[in-house]
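Reading the structure
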Amino acid sequence: ARWGTRIRLAILIAVALLVAHTAIYAAEDGLGAAYAAAIARDGHGDWWLALSVVVLALGLALGGWTVGRVLGLEIRARRARPRRREEPPFAPEAVGIARRLVPLVLVLFGIQENIEQLVAHGRVLGVEAVVGPAHPLAIPVLALVALILSIAGAAVRWRIATLERRVANGRSPVRRRIGSDTIGSAWRTVGALAPWRWMSDRLDAGRSPPSFLPA
């Protein structure tokens, strides 16, 4: 379970970096030819396209798995008929994800930009990659993207937790009893005769005779 949580967080971080990186360059340099020129200028070669495809594939895989899990829990929750409907709080979930996601996205974006600048131009920007003139819109865009993904992730986790509680607190479905309370005449005869015939044909009744009777 711990590894599953870490993997989901890693994929969420990768998606946040990809979306924020694209939004920053698009906001600062525009789209189309200007965007392509800015990407090429800062050392984004063919590897960036391949990495983007991998991150998008991982994001879609995580999204598909999440949708399947939610739908399965929705079906089970409707069948469970819970005794009470307790829902976990939403705000702590969103805050918990944002507290981890926002700083990680900021730090990793700075590291990524420094590596790109080092490879493309042989220099390191340091913290200026995030707060300097190279990317003046970096902090607001990164924070906004991370917060939106935090809220979306918290909504999914909150819904899963809510459905799991409903399933756990639900009653078992009522099964229809097959049978009849009316006993047929043939079964009455069998019920009356079977014990007597069984006892009369049995050689060992399961106990010794009374002590006052001769053996």
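Throughout what follows, the structure given in this document is the object of discussion.

About the cut-offs
The residue count restarts for each chain, going from 1 along the sequence in the order it is written. Only residues with pLDDT of at least 70 are given local features in this predicted model, and only at 80 or more are side-chain atom pairs given and counted; all residues enter the totals for whole chains, interfaces and linings. By convention in this description, side-chain values take in all heavy atoms of the structure and omit both hydrogens and water. To qualify as a helix, a DSSP run of H or I must reach at least 4 residues; to qualify as a strand, a run of E must reach at least 2; elements of each kind are numbered from the N terminus. Accessible area is worked out with a 1.4 Å probe on protein chains only. A residue is then buried under 20% of its type maximum, exposed over 50%, and partly exposed in between. It only takes one pair of heavy atoms within 4.5 Å for two residues to be counted as in contact. With axes taken as lines fitted to C-alpha atoms, and helix axes fitted only over the stretch in contact, angles between N-to-C directions fall between 0 and 180 degrees. Crossing handedness follows the turn of the near helix against the far one: under a right angle anticlockwise gives a left-handed crossing, and clockwise gives a right-handed one. Note on residue classes: Ala, Val, Leu, Ile, Met, Phe, Trp, Tyr, Cys and Pro are nonpolar, Asp, Glu, Lys and Arg are charged, and everything else, Gly too, is polar. Salt bridges are defined by distance alone: a side-chain nitrogen of Lys or Arg within 4 Å of a carboxyl oxygen of Asp or Glu. Identification of polar contacts relies on pairs of N or O atoms within 3.5 Å, with a donor-acceptor requirement for protein atoms, meaning one able to donate a hydrogen and the other able to accept it, and with residues adjacent in sequence counted only if both atoms are side-chain atoms.

Looking only at helices and strands, the protein features seven helices and zero strands. Going from N to C terminus, the protein has its helices and strands arranged as α-α-α-α-α-α-α. In the protein, which comprises 215 residues, the proportion classed as buried is 28%. The contacts of the protein with a sequence gap of at least 6 include a subset with a gap of at least 24, amounting to 79%.

Between helix H4 (residues 91-121) and helix H6 (residues 138-168), whose axes approach to 8 Å, the crossing angle comes to 145°. The two elements H4 and H6 cross, and the hand of that crossing is right-handed. In this structure, H4 uses Glu93, Ala94, Ile97, Ala98, Arg100, Leu101, Val102, Val105, Leu106 and Phe109 to contact H6, whose residues at the interface are Ala138, Ile139, Leu142, Ala146, Leu147, Leu149, Ser150, Gly153, Ala154 and Arg157. Among the residues forming the contact of H4 with H6, the class breakdown is 15 nonpolar, two polar and three charged.

Throughout the structure, instances matching the rule amount to three salt bridges. In this structure, Glu93 and Arg157 form a salt bridge, with 2.9 Å as the shortest nitrogen-oxygen distance. In this pair, Glu93 is assigned in helix H4 and Arg157 in helix H6, connecting sequence segments 64 residues apart. Looking at Glu93, the relative accessible area reads 24%, which means it is partly exposed.

The next point concerns the side chain of Glu74. With respect to the element layout, Glu74 can be found in helix H3 (residues 46-80). The class for Glu74 is buried, based on a relative accessible area of 18%. Side chain to side chain, Glu74 and Arg159 meet in a polar contact 2.8 Å long.

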